[in-house]
Amino acid sequence: MPFHQLIFLLLISSLFVSCNSSAALSPNDDINVVTTTTLLADITQNIAGARLQVESLLPLGVDPHSYQPIPQDVVKIVESDLLIVNGADYEQFLANLLANAGGQTTVIVASAGLETATEAQPAGLDPHFWIDPNNVIVYVKNIRDGLTHIDPDGAQDFKSNADAYIQKLQELDSWIIAEVTGLPVEKRLLVTNHDNLGYFAKRYGFTVIGTVVPGFSSDAAPAAGQMAELIDQIKASQAQALFLDTAEPLTMGEQIASDTGLTVVTDLQIESLTEGPPAGTYLDLMTHNVTRIIEALR
């Protein structure tokens, strides 16, 4: 097994891994919390509240699938007391950073305990758990426990903040169900650039007809014949729209739209938050995405 895969398998094998044998820090210490993505930073900040400041390794608008690390990333990891990652092989850029950082930080895997297989890809490893807010409830509990581990005196604050945020996630889930209820089942058909809406589809009764590029990474490329096969699937299903993340290329989407008559929705926000609207927070991101999906399929 390649070294980078070994490191990542070690990361996702447990809730947290600490290579630092020192006692947990007190709230008077400067506790550095870093997340890999902006989504995780927002979720974590909601749990940390005013007690801790959270920083994202990746900047706003950057797709983790194609991210190229910079030397400053190693510095941030070295200086962090807690690093929160999505897991499920999402941050493929991270293994070398951790190796260069020397393993002196505590790593929390936010998705620990979640099943990675989807109905459409039973043997697949889909890391896009957050597209179902019920999965984010698991994130919240794991992150809460991680923050408590590094700052035990803040346990009550973290619990109260986590409980309040979980309530918001449950309200979001109820709102999505209500919005989807008005959409006929035969219209709940999704075509995407890569496989990133599987958990959303499973939770809310959609069917993923196909993807422009295979697999769960936007960095992949379609093999010969796959485009023609996808076009046939779209025509047979009578799907109405192709949904792209803003960071994804439009070229192949335009070709598919030309051949099938699909509407192309180019402004989903899946991999990253934005600076302000439409996806300044995770809750805003989901509200925006659901609204755009319903509008395109209604």
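Residues numbered from 1 in each chain as written. Predicted model: local features only at pLDDT ≥ 70, side-chain atom pairs only at ≥ 80, totals over all residues. Heavy atoms only, no water.

**Side note on the confidence of the model for the protein chain**
- On average, residues of the protein chain score 85 in pLDDT, and 84% of them reach the 70 mark or higher.
- This stretch, residues 1–28, has a pLDDT under 50; its non-local contacts, to residues over four places away or in other chains, come to 55 contacts.
- Note that pLDDT drops below 50 for residues 117–123; the model gives that stretch 7 contacts with residues more than four away or on any other chain. (pLDDT = per-residue confidence, 0-100. Contact = heavy atoms within 4.5 Å.)

**Some thoughts on the packing of aromatic side chains**
- The tally for this structure, following the rule as stated, stands at 5 aromatic pairs.
- A centroid spacing of 5.1 Å and a plane angle of 40° characterise the contact between Phe200 and Phe206, whose relative ring orientation is tilted. Across this residue pair, the class does not change: Phe200 and Phe206 are buried.
- Cluster of aromatic residues (ring-pair linked, three or more members): Phe200, Tyr204 and Phe206. (Phe/Tyr/Trp six-rings, centres within 6.5 Å; stacked < 30°, edge-to-face > 60°. Buried < 20%, exposed > 50% of the residue type's maximum accessible area, 1.4 Å probe, protein only.)

**Topic: the environment of Gly182**
- You can see Gly182 is positioned in the loop between helix H6 (155–181) and strand S6 (189–192).
- With a relative accessible area of 61%, Gly182 lands in the exposed category.
- Separated by 112 residues in sequence, Gly182 and Ile294 have C-alpha atoms that sit 9.0 Å apart. (Helix = DSSP H or I, 4+ residues; strand = E, 2+ residues; numbered from the N terminus.)

**Side note on the pattern of salt bridges**
- What the rule picks out here adds up to 8 salt bridges.
- Residue Asp157 pairs with Arg51 through a salt bridge whose shortest N-O separation is 3.9 Å. Placement of the pair is Asp157 in helix H6 and Arg51 in the loop between helix H2 (38–48) and strand S3 (54–56), with a sequence separation of 106 residues.
- Under the relative-accessibility criterion, Arg51 is labelled partly exposed at 28%.
- With a shortest N-O distance of 3.4 Å, Glu55 and Lys76 are connected by a salt bridge. (Salt bridge = Lys/Arg side-chain N within 4 Å of Asp/Glu carboxyl O.)

**Details of the nonpolar core**
- With 58 residues, the main nonpolar core has Tyr139, Phe206 and Tyr282 as its most contacted residues.
- For Phe206, the residues in contact, after removing those within four places along its chain, are Val180, Leu183, Arg188, Leu189, Leu190, Phe200, Ala201, Ile293, Ile294 and Leu297.
- Leu57, Tyr67, Val74 and Val109 belong to the second largest nonpolar core, which has 16 residues in total. (Core = buried A, V, L, I, M, F, W, Y, C linked by side-chain atoms within 4.5 Å.)

**Comments concerning the pairing of strand S5 (residues 106–109)**
- Both faces of S5 are covered, namely the face carrying Thr106 and Ile108 and the face carrying Val107 and Val109.
- Of the strand pairs in this sheet, strand S4 (residues 82–85) and S5 are connected by 4 bridges, and their pairing is parallel. Following the sheet pairing, Leu83 is matched in S5 by Val107. (Pairing = 2+ DSSP bridges.)

**Remarks on the pairing of S4**
- Side-chain alternation along S4 places Leu82 and Ile84 on one buried face and Leu83 and Val85 on a second face that is also buried.
- Pairing of strand S2 (residues 33–35) with S4, which is carried by 3 bridges, proceeds in the parallel orientation. Note that in S4 the partner of Val34 across the bridge is Leu83.

**Describing the packing of helix H5 (residues 133–150) against H6**
- Two numbers describe how H5 lies on H6: the axes approach to 9 Å, and their chain directions differ by 175°. Relative to H6, the element H5 lies roughly antiparallel. Packed against H5, whose contacting residues are Pro133, Asn134, Val136, Ile137, Val140, Lys141, Arg144, Leu147 and Thr148, the element H6 presents Ala155, Phe158, Lys159, Ala162, Tyr165, Ile166, Leu169, Gln170, Leu172, Asp173 and Ile176 at the interface. (Axes fitted to C-alpha atoms, helices over the stretch in contact; angles between N-to-C directions. Parallel < 35°, antiparallel > 145°, perpendicular 65-115°, else oblique.)

**Section: the packing of H2 against H6**
- Interhelical geometry of H2 versus H6 gives an angle of 125° and a closest axis separation of 7 Å. Comparing their axes, H6 and H2 come out oblique. In this structure, H2 uses Asp42, Ile43, Asn46, Ile47 and Ala48 to contact H6, whose residues at the interface are Asp157, Phe158, Asn161, Ala162 and Tyr165.
- Of the residues contributing to the contact of H2 with H6, the split by class is 6 nonpolar, 2 polar and 2 charged. (Nonpolar A, V, L, I, M, F, W, Y, C, P; charged D, E, K, R; others polar.)

**Considerations on H2**
- The element H2 is largely enclosed, with a buried count of 9 among its 11 residues.
- Looking only at H2, the buried set comprises Thr38, Leu39, Leu40, Ala41, Asp42, Ile43, Thr44, Ile47 and Ala48.
- Positioned one or two residues after H2, Gly49 has a phi angle of 60°, which is positive.

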